[in-house]
Amino acid sequence: MIRVMIVDDDPVTRSAYGKLIGAQDDMQVVGEAESGLDALRKLPGTRPNVVLMDLHMPAMDGVEATRKMVAKAPDVRVLVVTIFDQPEDVEAAVAAGASGFVIKNSPVRDLLRAVRLVGSGQGVLSPEVTGGVLDMLRGSAQDSTVKEIETGLGVPVSLTQRESEVLRLIAMGKTNSEIADELFLAPTSVKTYVSRLRAKLKARSRAELVTLYYVNSAISDAPGDGRRQVPVFGRRSNSNESGDDPRGQGRSRWRA
């Protein structure tokens, strides 16, 4: 019998999962919690084998709760069940000790199968997130070389090669779907890179990313040196280097 605890801040969701799990011959609901903190408090008295864990909750989110729960009770297996399908969410959950990751709108049979697999000691990833995770792993290999850049405020910021490629395509007016096709990435992965770029460069919008690229960048890519183009922010030219364009004053140059 698989002893299951359900952790979610939505009572309707907890009730639905409770009825589903309770209807299975090989599963038993031993407890419910409305937050990560609540789950940790109830852990000793419920002794679950599998914990269905939401990610974004008040009073301790699912990632932190997973980390503390696994440290406190190593035999407990955490299955993250969330509406969020971003690769970084998967990465954070797995790093915290989760044994599986399932999207909430997955078919019922997939959820039950995930509970049984995790309960038997195996790991599982929802098909909806697998592509994004593979892209993230492939990107990690390409992103091993981190480029140092500066924002307009002179604060050092590092962009990986993949982030630089995504930024360049954004500046060219490409949509997320077009960027995904060109770089052979899942659309969710592109969305993650865009969010990461906005956070790193303190850009409030996609349009501001474009402005940062064209107005505040200089590309260091000497001919024949084998290096790829990487944006370097915050190095504006002091003279008009745009030829006859009177609007070019203050624009940065494209360094050869």
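Residues numbered from 1 in each chain as written. Predicted model: local features only at pLDDT ≥ 70, side-chain atom pairs only at ≥ 80, totals over all residues. Heavy atoms only, no water.

Chemist: Kindly report on the sheet that holds strand E5 (residues 100-103), identifying the contributing residues and their values.
Modeler: Spatially, the six strands line up as an open sheet ordered E2-E1-E3-E4-E5-E6, and their pairing is parallel. The open sheet is flanked by strand E2 (27-33) and strand E6 (124-125), the only strands paired with a single partner. Packed on one face of the sheet, helix H3 (residues 62-72) meets strand E3 (50-53) and strand E4 (77-82) and runs near 165 degrees to E3. (Pairing = 2+ DSSP bridges. Helix = DSSP H or I, 4+ residues; strand = E, 2+ residues; numbered from the N terminus. Contact = heavy atoms within 4.5 Å. Axes fitted to C-alpha atoms, helices over the stretch in contact; angles between N-to-C directions.)

Chemist: Break down the pattern of salt bridges for me, with residues and values.
Modeler: One pass over the full model with this rule turns up ten salt bridges. Across the salt bridge formed by Asp26 and Arg116, the nearest N and O atoms sit 2.7 Å from each other. Within this pair, whereas Asp26 is found in the loop between helix H1 (11-22) and E2, its partner Arg116 is found in helix H5 (residues 108-119), the two being separated by 90 residues in sequence. The class for Asp26 is partly exposed, based on a relative accessible area of 28%. We classify Arg116 as partly exposed; its relative accessible area is 33%. Salt bridges here are not isolated pairs; linked through shared partners, they connect Asp8, Asp54 and Lys104. (Salt bridge = Lys/Arg side-chain N within 4 Å of Asp/Glu carboxyl O. Buried < 20%, exposed > 50% of the residue type's maximum accessible area, 1.4 Å probe, protein only.)

Chemist: An account of the nonpolar core is requested, with residue identities and associated values reported.
Modeler: Residues Val7, Val51, Met53, Met69 and Val78 are the most contacted members of the largest nonpolar core, which totals 24 residues. Where this core is concerned, the elements lending two or more residues are strand E1 (2-7), helix H2 (36-46), E3, H3, E4, helix H4 (87-96) and E5. Contacts of Met53, omitting those with residues within four sequence positions, involve Val7, Gly62, Ala65, Thr66, Met69, Val78, Leu79, Val80 and Val81. Listed in part, the 20 residues of the second largest apolar core include Leu169, Leu197, Leu212 and Tyr213. (Core = buried A, V, L, I, M, F, W, Y, C linked by side-chain atoms within 4.5 Å.)

Chemist: Explain the pairing of E2 to me, using residue names and the numbers behind them.
Modeler: Two elements, E1 and E2, share six bridges in a ladder whose sense is parallel. Bridge pairing links Val4 to Val29 in E2. Taken together, E1, H1 and E2 constitute a β-α-β crossover, and its handedness is right-handed. (Right-handed = clockwise from strand over helix to strand, strands pointing away.)

Chemist: How would you summarise the packing of helix H7 (residues 161-171) against helix H8 (residues 176-183) if you had to cite specific residues and measurements?
Modeler: With their axes 10 Å apart at the nearest point, H7 and H8 run at an angle of 130 degrees to one another. The angle between H7 and H8 places the two elements in the oblique class. The two elements H7 and H8 cross, and the hand of that crossing is right-handed. Residues Arg162, Glu165, Val166, Leu169 and Ile170 of H7 lie in contact with H8, whose contacting residues are Ile179, Glu182 and Leu183. When its residues are assigned to classes, the contact of H7 with H8 shows five nonpolar, no polar and three charged. (Parallel < 35°, antiparallel > 145°, perpendicular 65-115°, else oblique. Left-handed = near helix turned anticlockwise from the far one by under 90°. Nonpolar A, V, L, I, M, F, W, Y, C, P; charged D, E, K, R; others polar.)

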